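The chain contents come next:
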Amino acid sequence: MTRYLPEGLAIPVPESDGLSQPYWDGVAAERLMVQRCQNCQTWVWGPEWICHSCHSFDLAWTEVAPKARIYSWERVWHPVHPALKGHGPYIIVLVELPGADNIRMIGNLLGDPKQDVPIGGSVEAVFEHHKSANPPHTLVQWRLA
Amino acid sequence: MATRTLRGQAAVAGIGETTCYKHGQSPDAEFKLALMAILNAAKDAGIDPKDIDGFASYSNDRNDPSRIAAALGTKELRFSNMQWGGGGGGGAAAVGNAAAAVATGMADCVVVFRSLAQGQFARFGQGPQVPTISGDMAMQAPYGLMSPAQRYAMKCMRFMHDHDVRHDALRAISLASYHHAQSNPRAVMYGRPLDEAAYDASRWIVEPWRLYDCCMENDGAAALIVVPAERAKDMPHKPSYLLGAAAGSDHRCGAPSHNHPNYASANFASVAPNLYRMAGVKPSEVDVLQSYENFTGGVLMSIVEHGFCQPEEANDFLVKDNLLAPGGKLPLNTSGGNLAECYMHGLELQIEAIRQIRGTATSQVKDVDVSMVIAGPMVTPVSNCIFGSEATL
Ligand SMILES: [Zn+2]
């Protein structure tokens, strides 16, 4: 298993009310699931109980193509967590998904941490599994397509 | 029906601060710092601290008004107000809330205060150290996105990309704060000037921001006394009238996972017009501006969103000489601000705005009638306010 950032950062888990559970179950199976309103077809991200457009509570978890464009990015140099001390720079990207009305997701851009990052560049998802972590979980990373 | 406005109805009659310490180095407890700042502000206003009947703060200040009122022997508590939202976004809103209380007769004398002793409590600039995380942070922290600088850098990066803004514009904002701090003996960076070369040589924190693009973290407290306008006329200092105050954010600003539609923004798209409308002021009439620097990129976008320049003009407008007191086009952060005076969560910017109207600032702009404050860019809700001299009423 390869991982982009060192072990020791907080492990993501669903809320106690279970709102985001289908997302985490999806990415564990390498399927990118987001919510879509069954009344007005609005894409909803991050997870929420209600459609922000029509106020329907009928949101369905819907698979979306794991392809995106880089909307913005940052290169982090100064570590703010002990697990990242001495690790060196890393890149965070904010990507938009054309297959879901350009909702945005956060991840890391795989590859050289000092690479030039093209805003507007096409990327595809890489499912980064942490099966031996406690609890096991999957992160969604991005690489230039 | 009368026009609903705060314009000219309330004034700041007193200002007070404690010494500003490096984070974690306050010899005094956070609660004691709050009391000291409030007493200093009451003394400045020439009032008995026991006559303060209201308290307004922001950012979940830990110092509860009921405890303060008991500690001070407050005769009667009538207004106890917290502006929701983190960061410094509520700094101007707290002044607006206090003014609303005295303007409507809910209270007669409200103190706006903020106290921080980060040695006693966790620092802002560190990530959470917890085994698991859920909610919106579960979509961010596992990717190394944890601190305020990391949370907001991508807004600035996209704004700079969209409008071809160069790093020089950010540098000018930082240099202006450090320049003004060299005239201010209260400033933490007094005697520690910054030039272009030192800025350029400083390390990256998170691109597009270097060390000198990021605010300090300090311990200390600040307070302002807000009273009805007619009462302020008879108090010791020249009154600073509140011409307008606004708070909030535009459509779905708080959408999770960075899904705010108007993302490349300091979040003032709706709040700036609301302020100007209430104050009856145009950007060209602002004599001096205090604009909260959590990060210089927030100031850049705030200045654009408040109409001081168009996005395409940012490279030409944001040069050091334009931002300096006394003669620049838009004197900015004249005490040194969050970058170089003191990070009192931006309340020191409100106090500096009052000094500019009184004519007592260490980098004084000549004949200030309109003095503006922009609080906590890029968070939600944000806020802003405009103070005016008697001539503006
Ligand atoms: Zn809907």
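Notes on the structure in this doc start here. (Residues numbered from 1 in each chain as written. Chains lettered and ligands numbered in written order. Predicted model: local features only at pLDDT ≥ 70, side-chain atom pairs only at ≥ 80, totals over all residues. Heavy atoms only, no water.)

Things to note about the state of the cysteines
Two cysteines, two sulfur atoms, one covalent bond between them: this is a disulfide.
All names here are of chain B.
Phase 1: Under the defined criterion, the tally for this structure stands at one disulfide over all chains.
Phase 2: Unpaired in terms of disulfides, Cys309 finds its nearest cysteine sulfur in Cys156, a separation of 13 Å.
Phase 3: For the unlinked cysteine Cys385, the closest cysteine sulfur is that of Cys109, found at 18 Å.
Phase 4: Cys385 gets classed as buried once you look at its relative accessible area, which sits at 0%. (Disulfide = S-S within 2.5 Å. Buried < 20%, exposed > 50% of the residue type's maximum accessible area, 1.4 Å probe, protein only.)

Observations concerning the sheet that holds strand β3 (residues 43-44) of chain A
Residue and element names in this part refer to chain A.
Phase 1: One open sheet accounts for three strands, arranged β3-β2-β4; its pairing is antiparallel. The outermost strands of the open sheet, each flanked by one partner alone, are β3 and β4 (59-63).
Phase 2: In this sheet, β4 lies alongside strand β2 (residues 33-37) in antiparallel orientation, the contact comprising five bridges. The residue of β4 that forms the bridge with Val34 is Thr62. (Pairing = 2+ DSSP bridges. Helix = DSSP H or I, 4+ residues; strand = E, 2+ residues; numbered from the N terminus.)

Side note on the coordination of the zinc ion
Phase 1: For the zinc ion, the full set of protein donor atoms is Cys37 of chain A (SG), Cys40 of chain A (SG), Cys51 of chain A (SG) and Cys54 of chain A (SG), and the range of their distances to it is 2.3 Å.
Phase 2: Judged by its relative accessible area of 29%, Cys54 of chain A is partly exposed. (Donors = N, O, S within 2.8 Å, 3.2 Å for Na, K, Ca; no water.)

Concerning the interface of chain B and chain A
Phase 1: Across the boundary between the two partners, chain B contributes 41 residues, which contact 42 residues of chain A.
Phase 2: Here chain B packs against chain A, burying approximately 3,600 Å² in sum over the two surfaces, 58% of which is carbon and sulfur.
Phase 3: Three residues, Met139, Tyr143 and Met154 of chain B, lead the burial of chain B against chain A; their summed loss comes to 21% of the area buried on that side.
Phase 4: Taken together, the links from chain B to chain A amount to one salt bridge.
Phase 5: With a shortest N-O distance of 2.6 Å, Glu207 of chain B and Arg75 of chain A are connected by a salt bridge.
Phase 6: For the pair chain B and chain A, the number of links is 20 residue pairs in polar contact (both at pLDDT 80 or more).
Phase 7: Among the secondary structure elements, those contributing two or more residues to the side of chain B that touches chain A are β6 (132-133), α4 (148-163) and β7 (204-207) of chain B.
Phase 8: Among the elements that make up the side of chain B that touches chain A, the one with the highest residue count is α4 of chain B (seven residues).
Phase 9: In terms of residue class, the side of chain B that touches chain A is made up of 21 nonpolar, 16 polar and four charged.
Phase 10: Examined bridge by bridge, strand β1 (residues 11-12) of chain A and β6 of chain B share two bridges and lie parallel to one another. (Contact = heavy atoms within 4.5 Å. Buried area = accessible area lost by both parts, 1.4 Å probe. Salt bridge = Lys/Arg side-chain N within 4 Å of Asp/Glu carboxyl O. Polar contact = N/O pair within 3.5 Å; in protein donor to acceptor, adjacent residues only side chain to side chain. Nonpolar A, V, L, I, M, F, W, Y, C, P; charged D, E, K, R; others polar.)

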